[in-house]
Structures are given as structure tokens and as C-alpha cells.
Amino acid sequence: MTDTTLSAPPLLTVDGTPLKTRLRHIERLNQFKSLLLILPLIAFLVLTFLAPIAAMLVRSVDNPEVAPVLPKTVAAIQQWNKKSLPGEEAYAALASDLTAAKEDPSQLAEAAKRLNMEIPGFRSLVQKTARNLPMETEPESYKTALVELDERWGDPAYWHAIERNASTSTPFYLLSSLDMSVNDEGEIAKAEPDKAIYLEVFARTFWISAVVTVVCLFLGFPLAYLLATLPTRQSNLLMILVLLPFWTSVLVRVAAWIVLLQSGGLINGALETVGLIDEPLELVFNRTGVYISMVHILLPYMILPIYSVMKGISPSYMRAAISLGCHPIRSFWKVYFPQCIAGVAAGALLVFILCIGYYITPALLGGPKDQMVSYFVAFYTNTTINWGMATALGALLLLATVVLYAIYNRLVGANNLKLG
Amino acid sequence: MKRFDMKPLVAALICLSPLSAFAKDLTVISFGGANKDAQVKAFYEPYKKTTGNKLITSEYNGEMAKIKAMVKARNVDWDVVEVETPELIRGCEEGLFEKLDWSKIGNKKDFVPAAVSNCGVGFFVWSTALAYNSAKLKGTPTGWKDFWDVKKFPGKRGLRKGAKYTLEFALMADGVKPGDVYKVLATKAGVDRAFKKLDQLKPHIQWWEAGAQPPQFLASGDVVMSSAYNGRIANAQKDGNKSLKIVWTGNIYDVDSWAIVKGSKNKDAAHKFIAFTSKPENQKVYSQNIAYGPTNTKAIGMLDAKVASQLPTAPANLKDALAINVQFWVDNGEELEQRFNAWAAK
Amino acid sequence: MPVYATLIERIWFYAFRVLCGAVLLFLILPILVIIPLSFNEGSLLVYPLTGFSLQWYREFFLAPEWTMALKNSIIVAPGATVIAMTLGTLASIGLTRADFPFKSTLMSILISPMVVPIVIVGVSSYLFFAPLGWTNSYLTLIAVHAALGVPFVIITVSATLQGYNKNLSRAAASLGADPITTFFKVTLPLIASGVTSGGLFAFATSFDEVVVTLFLAGPEQTTLPRQMFGGIRENISPAIAAAATILIVFSVVMLLTLEYLRGKAEKLRTSVPE
């Protein structure tokens, strides 16, 4: 480059600017125009998709309930040695905070609910104490008065729980999602066994996804091979059979599987008529039902990428290998298979990624022991209104997805995704 | 190309969306299925006919999340909701429901005591009882002990997927007298005992979530015994499933109430609607359509003996029954539901 | 199958086909078994059939909850499709027009709505829009559904644009057409098949979406899949089979349209411009 500029005078455009500058200028303008075309979509996705997800991530560490309701207590507790009970000023602050909080019962109820997550029964302790405040006569010591009202105020554990909520952000939900908690000594410890289920749920989610992916691969690979090697007319016809389920509503397929699998359903009926079984098999509302229906739903996602890669592999390589004396199975394994590994990886990763986020099929065709992480996200959102837990589990699930998606992009590239 | 910038258009579209939440007809949300069918006949249709007002009705499964989100956002489009008592009390405490103006509804003395509260008006008494399919079960179960006895009565069992009622049934099966159930459950040891008892039955349980499921499960033979809402079983019997039977021993009864969501834009109409459903003649029609007891004491006398004998409020059915301990579930509900869910998922 | 195939090769050949046939049967059978049940007389969703009746279709087309659900689906899905198609097509053109830093990162973000677990989309948009009072509204539901459909439009339109000869735009420009005329007269007709199939995918995504609807929609926005979800969970009746049959017919139509478009696109790519 430098050579040309040195040896020859710079090329100029009509208005006298150097061509290079002008070209760079045009290129920049072009980039700018292109960005302008993408901008509306980016703005739209930020509003409808990215901002909500970011807000969800923030919410998973958000802890807005206790500190604003008990401001004086939180301040008073800062000087506490965290070993014995806090001093009189903390008790007086608590009494004054709770008296003030009665102005807004819904805020108080929220704070009580949050503390109840730390220690069961804390809710009624807070409500009971608030009901008895302000005291008829100013007591000499709030400490003795409150402990007299309920002896639990004499237990440091309850003060530790308040102390853990002194800040408006908390690792509580994220730790709980990993079966951990912060104990009274301020260390991270394992959660109680009757609350520790999420590691198991995550393991189950990955296990179910792995099983579904492997089964999809074993069923999808041969079919993709057949479709890729048949004459176009026949393969197009069979392709429609693969694509029809792909285009059919998931709900329709769930209903269909119930018809087929239920205890009075077609499969059990057929097996009983043939005489293979006496008692109907349990095929649905358990793990079997979840596996069957999820494989059915995700199989096209496996077949299509493998098919599109196989379609580009010339059959002459295999013929060459065989004609050179290589055994057909060996030549398939050594010559053909390595060429379609990209499709296999794409299909398997796609199926796995879609699988770990599944909700509808396990919810409708599984039992409580077959529910995956998504179910718990929905459960905490709707049933117990524990939005901290819901968002924390959601954040971890999202993390897993993003990591897998990054691998997928590395291996396949998002823009190489093919549909249909 | 600049003319293609969609941003203002998108912004305009998004700004429009709150407009869709304009004031509108009274919206009533209740539990679905046979219960709603009876409500349509007893309350909705007559209300529309007599007042000439429109109603929007829909159903839910008792999730408080939607109500809470609406109230917090001050964008309330449910007006009247059907709630169970613990949710009613908790919601009242947390400010999710309006305090009612009883002068617009009726005389408190006309109602059974459990139906009267600050935020809600009970409009029927219902019960969760043991139901079984006599065509598929050899022998006659007599109570929750038999429900747990899979040797004597082999087959699957249906239970509601939730801690409420399930823990009580487990304790009764473990030999706790109905009167002592909540005393035992109030201790940590008592809760552990209930879960331990549930452990025994766990492999045989098929969980249900909606009230319409138990009669279906029983009729199809998926389960041989199930906890069920008594009204759903009575309706299934009426529809021809004669082999479904109820065991009243150890049933737990509660009142379902109407509550007005805080910030409702139709408070007046909501009060009128609730008053309408509290009238004895309307409650009578409701009880005739589904076997739940009226809360207006005047309606009880209007029912004929055959209908009355099927209600949870019939003296024979109340004999070994347990009233739900509302305060217990207000205090412990969320924690026990979470523990239950964790237990069920293991 | 060549005539000189050995016995083992023959066995393998047929075994392979039987296996593939079984997989195809597995894919298609569940969709077929539900159709006869929609014409069944009985009120339970079980075989054997007891008699022919159209009562479940009558219920589907007359019962207010089903007609409302159908109406809502017909409002929401096209709305979402139009937004996804417009924004997605513009962005795809922008993405193929020029190179700029972080292009592939941007691409993967634009496609991410397809892979983010749907429950996360549902819960996060619910928690985000509820405090603003934007839940229970058609527009919010349409907007989030559109976001879910965008990746499909991007993927199909970008793929079509890769086969688009840029010289055609240049020719139009050199003949004096302004960029907008060029787009509508030259580019769009040529990439129309890609845009339409992307739109079909977006439509199917919204039309089949239940989880986001579960969180965001109020009783008035209940869509067809949402109504079926409630029905399957609570009260399974042959009306569901009727709804399912109608949806299957619908998906067959969509699939055939798509195949037709694909054929057209193929022709476009291979034919020599006159």
C-alpha cells in the first residue's frame, strides 16, 4: 500500500478529494445506513426482550422488603457484636419501626413474609409483635418487654435473620437455588435437606435433555441419511412427513400423546388385545411420557440440520472408498460420518438447548418428579409469589443456556442455522 | 433510507398499549369446571337478566400472583374473585382486597359465621372428601386409614398437589383424631410426621391440580380412590357415573368467598353482584346445581331433603368432619407449600 | 438396490428402511390418531369410536370460550407476524449490506429469542410489564410474540439475501432509481419468498405460543393454545380434538405454502435472468 502512495500521486475524485478518503467515507456511510436499518429491530428487542431479562437478573439479587420497613433497627444492629443478643437500642428501634410500619400493612406483610423465608414462623412473630405495639405504657426496657411478649425475641437467630436483610441486595435466592444458605456465622453452608432440591432439579434437567438428545440422534440420523440419499421426488414426499409434526401445534401433539398413552389409551389397548400385558402399563404422567413426547417434538430439530449437511456430501467419496476395498461399514464410519459431524453437532446442541428450557410437555405429561427447572420458575412466580426464587432459578437456567448457545455459535455459527 | 426508521412507530405502538385497559364491564373470576357451570346458572345469567349489565367471566386455579401483580401495578382488571379462606385472610392482611361495605351486601346475621369477614363474603360451603370408584374397588373404604392401606385396597390414589388438606389427611390416616389435627400440625414434629406418612403412600399417588380431574381419574380407572371436592363427585354421579362414592368421614370443609380486588374500578357493581349472589333464592339454585352448601341460612330451608343430604352442611356429613383452621394456613401456608413442593419433586 | 447386492446387503437395506419407516410412523401417527376422535359421539377422549357426530365442531365454533380464543389468536398472530416481518427484513438487509465490528455477536443476540427458555421470556416480561400496567393487553402480547418470531425472519431472509445478486440493486441505482424504489421494485420481489417463509415461521411461533400467553394475557386475551392448555390440564373433552384437527389442517396448509415458496425460490436461484 505504502509503495503505491509513494510512487504515484494519490488518485483524486472529481471534487479533488483523494479517492481513498472518499471510498472510506462512502464505506462509513454505507455502514451507517446499514446500522440504521438494524436499529429499529434492536430498539424493539431491547424493549420487549432484553430489558425484561436484564430486569429479571437484577431482581434475582434484589431484597427490597425488610430494610425500608425497619430502617432504625437496621441502623441500630450495625453496632451489634453478632454473638449475644443485641442491646436495648436495637429493641427500642424495632418497636418504633414496627409501630410506624403499621401505617402501611401491605409493606409490613411483605417484610414479614421475607423474614419468614429465613426462619419459619417469623411472619406471625412480626405480626403478633406489631399488633401489640405501641405498648400502653412506655416500658422501662423494650428488651425485657419484647422478650416477655414473645420469647423468640430472646433468640439471636431471629436477629441474625434481620441482620442478613439489612442490605437491599442479597445472595439469598441465588444461593438457595444452589442448595446453599448463609448461616448465623455469616458463612456459606449447605441448605437444610428438606429445602435442598435444586441441584437435583438441575441435574435432572440436564439428564432428561441428554437422554432426549441421544434418542433424537439415534432416531434422526438414519432418517436424515435416508432422506439425503433418496431421489429428490421421494425424499421431498417423506420430508413432508417430517415437517408436518414440526408445523403442528405442540398442544395438539400433547393431546395426541395422552390419547395414545393413557391407561385406557390406544397403545395399552393394542398391547392388551395382543395379550402382551394384563394390566395397563403406566406410560403417561411419568418420565416415560415426558421422554416420548419430547423426542417427538424435538426430532425434526435434529433431522433438519443433519439432513442439510448430508445433502451436500457427494456420494462418490463412499463409492470410491468401497471400490478401493474398504468395508461398507468402515467406509461409512471413516469417510461419510466425519463429513456430517458438523450437522450432528448442530442438531444435538440445538435439541439440547431447546430441551433444557422445556416447560409445557413436562407440565402436562409428567409427574412432580419429572419437572425441570422451568417448572419451578413458573411455580414460584404464580403459586407462592416468591419472585426472588423464580428469578434466581431463571438466572441460572439462562446462564446454562447462554453458555451452550455460545458453544453453538463457536461451532456452528448462529447465521448458519437453517430452517426447513 | 432514513424514512424507514421504525423507532417512532414502535414507540407509538408501545405507548398505545395502556389505552387498552380502559374501564369496562364487571369482571368475575372463579374456579372453573362444574363449579363455574353452576355459577353461570345460579348467578351470572340471572344477574345479567335482572340488571341488564354485562359480565366478563373467567377462571383461575387460585394463584394469588396475578392479583398481586395487578394491585401493585395499580392496573386492576379483575373485579370480583372467588378465593379460599386462607388466601382471603392473607390477601386482606397484605392489602390485596378491598374492605367491604356490608351495608350494601346484607345482614351479617343471615350468614353462617365462617362466611363473614372484612374483605370477603362466603357464598358456599364445600368439602374435600375421600371418593372412590365402587366398580373398580373391592370392598368399601371407611376413612383415610383405608386410603393409605394399599394392601387391602390395591391401586393408585389421587391427592391434590399441595400441602393444604394433604397434610391433614396424612395425620388422620396416622391415627390423629380430627379434633387434634391442627394441634399436632402446629409442631415441627407433627409436620415431619405428616410427611413421613405421605412417604409411605408416595409411590402410589397420582397428583391432581384442578377439581375436574379426580372424577375423570376415578371414572377412567387411573386411580381407585382420590381426595375430591364433594360437589364434583356429586355432579359426576348425576352425569351417570353412578359407581363414584363419597366417604364423609374425615372430610375437611371450608367456605369459598367473593372478594373485591383492591383498586377495582367497578366497586359499586361488584358490591351489587356479591349482594345478588348472597340472596337465598340464588344460593338455592347454586346448591341445586352443585352439591355445595349455601352460606345464607335462609337458603338452607328452601332446599329439598334429597339435595340437602348431599351437602357438606348436612348434619350426618358434618359429624366426623374437620373445619379448616384458617389461621394455621395463613401463618404456615407458604412455607409448607414450598416444603411440600420440594418433597413432591424428589 | 443394485442386482448384485449380497444377502447381508439386502437384509441391511430392508432393515434400514423398516427402521426409518418406524421413525416416520412415530412422527406422524400421533397427529393422525386425534383426528377421528373429533368426529366421535362419546364425550371421552378415548378409542374405540362409538358413532359419528359433529357436535364437537359445533361446540368449537359456538361455545364462547372457543370462539373468543380463536378470535384472539387471529388478532395476535398476524399482528406479531407483521412486526417481526417488517423489522426482521429491514435488519437482515442491514446485516448483509455492510461489514461492521461485532456483526456476529449482534447476529447471535438477534437470534437469541429462539433459544432463551420460553419460561424465562414469560416470567421476565410479566415481571417487567406488570408494574407498568401493560399486562392483559393485546399490544404487549403481540410485541413479545413478535420478538419470539424475529429470529426466524432473520434466518430465512438472510439466507435468501445471500443468493441475491447485488448488481441488480446497483443497476437500478445507476438507472436513476432512488433506494426506496429500488427496494420495492427490485429487491423485495426477489427476496419475497424468503420474507414470506420467515413470516410463516413467525406466524406459527405466535400461533402456537402458550407459555408467554399464560403469563401475560388476561382472560380477554386467551388464545387458542392457551385454551387448549387449560382444557388438557383440567377437563379433557373431544372439543380439544376438534380444535386440534382444525389446527392440523391449518398447519398442512402452511406447510404446503412453504414448500411451494421454497420451490419458487429454488427456481429463482437457478434460473438465468432474461
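Source: prediction; values computed, not measured. (Residues numbered from 1 in each chain as written. Chains lettered and ligands numbered in written order. Predicted model: local features only at pLDDT ≥ 70, side-chain atom pairs only at ≥ 80, totals over all residues.)

### A look at the overall build of chain B
Move 1: The number of helices and strands found in chain B is 16 helices and ten strands.
Move 2: Radius of gyration (C-alpha) of chain B: 22 Å, near the 20 Å computed for a compact globule of 346 residues.
Move 3: The C-alpha extent of chain B, read off along each of the three principal axes, is 75 × 55 × 40 Å.
Move 4: Per-residue burial over chain B gives 51% buried out of 346 residues.
Move 5: Expressed as a percentage of contacts within chain B between residues at least 6 apart in sequence, the contacts between residues at least 24 apart total 74%. (Helix = DSSP H or I, 4+ residues; strand = E, 2+ residues; numbered from the N terminus. Rg over C-alpha atoms; globule rule 2.2 N^0.38 Å. Buried ≥ 20, exposed ≤ 12 C-beta atoms within 10 Å, placed from the backbone. Contact = placed C-beta atoms within 7 Å.)

### Focus: the overall build of chain C
Move 1: Secondary structure summary: chain C contains eleven helices and zero strands in total.
Move 2: Each helix (α) and strand (β) of chain C, taken in turn from the N terminus, gives the series α-α-α-α-α-α-α-α-α-α-α.
Move 3: Across its three principal directions, the C-alpha atoms of chain C cover 75 × 70 × 35 Å.

### Section: the interface of chain C and chain A
Move 1: Each side of the interface is counted separately: chain C has 71 residues, and chain A has 72 residues.
Move 2: Only α1 (7-38), α3 (64-97), α4 (103-111), α5 (118-129), α6 (138-162), α8 (179-207), α10 (224-234) and α11 (238-270) of chain C provide two or more residues apiece to the side of chain C that touches chain A.
Move 3: In terms of residue count, the dominant contributor to the side of chain C that touches chain A is α1(C) (13 residues).
Move 4: A breakdown of the residues in the side of chain C that touches chain A according to their chemical character gives 59 nonpolar, nine polar and three charged. (Nonpolar A, V, L, I, M, F, W, Y, C, P; charged D, E, K, R; others polar.)

### Notes on the nonpolar core
Move 1: Ranked by internal contacts, the top residues of the largest apolar core, which has 268 residues, are A255(A), L298(A), V351(A) and V377(A).
Move 2: Beyond its immediate sequence surroundings of up to four residues, V377(A) is in contact with A390(A), L393(A), G394(A), L397(A), V119(C), I120(C) and V123(C).
Move 3: Counting residues in hydrophobic clusters, the runner-up holds 28 residues, among them A109(A), L133(A), Y142(A) and W159(A). (Core = buried A, V, L, I, M, F, W, Y, C linked by C-beta atoms within 7 Å.)

### Notes on the UniProt feature "transmembrane region" (unreviewed entry) in chain C
Residues and elements named next belong to chain C.
Move 1: When the UniProt feature table is mapped to this numbering, "transmembrane region" (unreviewed entry) covers residues 12-39, 74-95, 107-129, 141-161, 182-204 and 236-261.
Move 2: Across residues 141-161, helical content stands at 100% and strand content at 0%; the span's end C-alpha atoms are separated by 30 Å.
Move 3: Across residues 182-204 one finds 100% helix and 0% strand; the C-alpha atoms that close the span lie 30 Å apart. (UniProt positions renumbered as here; feature names shortened; annotations may be inferred.)

### Brief notes about the packing of helix α13 (residues 250-261) of chain A against α10(C)
Move 1: Where α13(A) contacts α10(C), the axes come no closer than 10 Å and their chain directions differ by 20 degrees. As judged from the angle between their axes, α13(A) and α10(C) are roughly parallel. Judged by the sense of rotation from one axis to the other, the crossing of α13(A) with α10(C) is left-handed. The residues of α10(C) that touch α13(A), namely those facing L251(A), V254(A), A255(A) and I258(A), are P225(C), M228(C), F229(C) and I232(C).
Move 2: Each residue belonging to the contact of α13(A) with α10(C) can be placed in one class, and the counts come to eight nonpolar, no polar and no charged. (Axes fitted to C-alpha atoms, helices over the stretch in contact; angles between N-to-C directions. Parallel < 35°, antiparallel > 145°, perpendicular 65-115°, else oblique. Left-handed = near helix turned anticlockwise from the far one by under 90°.)

### Overview of the domain arrangement of chain B
All names here are of chain B.
Move 1: Taken domain by domain, chain B comprises domain 1 (23-125 + 255-315) and domain 2 (128-253 + 319-344).
Move 2: In this complex, domain 1 contributes 16 residues to the contact, which on the side of domain 2 involves 17 residues.
Move 3: For the side of domain 1 that touches domain 2, the elements supplying multiple residues, two or more each, are α2 (33-51) and α4 (85-93).
Move 4: For the side of domain 1 that touches domain 2, the residue count by class is ten nonpolar, five polar and one charged. (Domains from an automatic or database assignment.)

### Notes on the packing of helix α11 (residues 198-229) of chain A against helix α17 (residues 328-356) of chain A
All names here are of chain A.
Move 1: Two numbers describe how α11 lies on α17: the axes approach to 9 Å, and their chain directions differ by 145 degrees. Between α11 and α17 lies a crossing of right-handed hand. Note on element contacts: α17 touches α11 through V344, G347, A348, V351, F352, C355 and I356, opposite T205, F206, S209, V212, T213, C216, L217 and G220.
Move 2: When its residues are assigned to classes, the contact of α11 with α17 shows ten nonpolar, five polar and no charged.

### Considerations on unusual backbone geometry
All names here are of chain A.
Move 1: Here L133 and P134 are connected by a cis peptide whose omega angle stands at -10 degrees.
Move 2: You will see that K82, though not glycine, has its phi angle at about 65 degrees, which is positive.
Move 3: Inspection of the secondary structure puts K82 in the loop between α4 (71-76) and α5 (88-101).
Move 4: One non-glycine residue, F285, adopts positive backbone phi at about 65 degrees.
Move 5: As for its placement among the helices and strands, F285 is situated in the loop between α14 (266-274) and α15 (287-311).
Move 6: Its 22 C-beta neighbours within 10 Å are what place F285 among the buried residues.

### What about the environment of A157(A)?
Residue and element names in this part refer to chain A.
Move 1: As for its position among the elements, A157 is in helix α9 (residues 156-164).
Move 2: On the neighbour-count criterion, A157 (12 C-beta atoms within 10 Å) is exposed.
Move 3: For A157 and I119, which are 38 residues apart along the polypeptide, the C-alpha to C-alpha distance reads 8.4 Å.
Move 4: Residues contacting A157, with those up to four places away along its chain left out, are I119 and D184.

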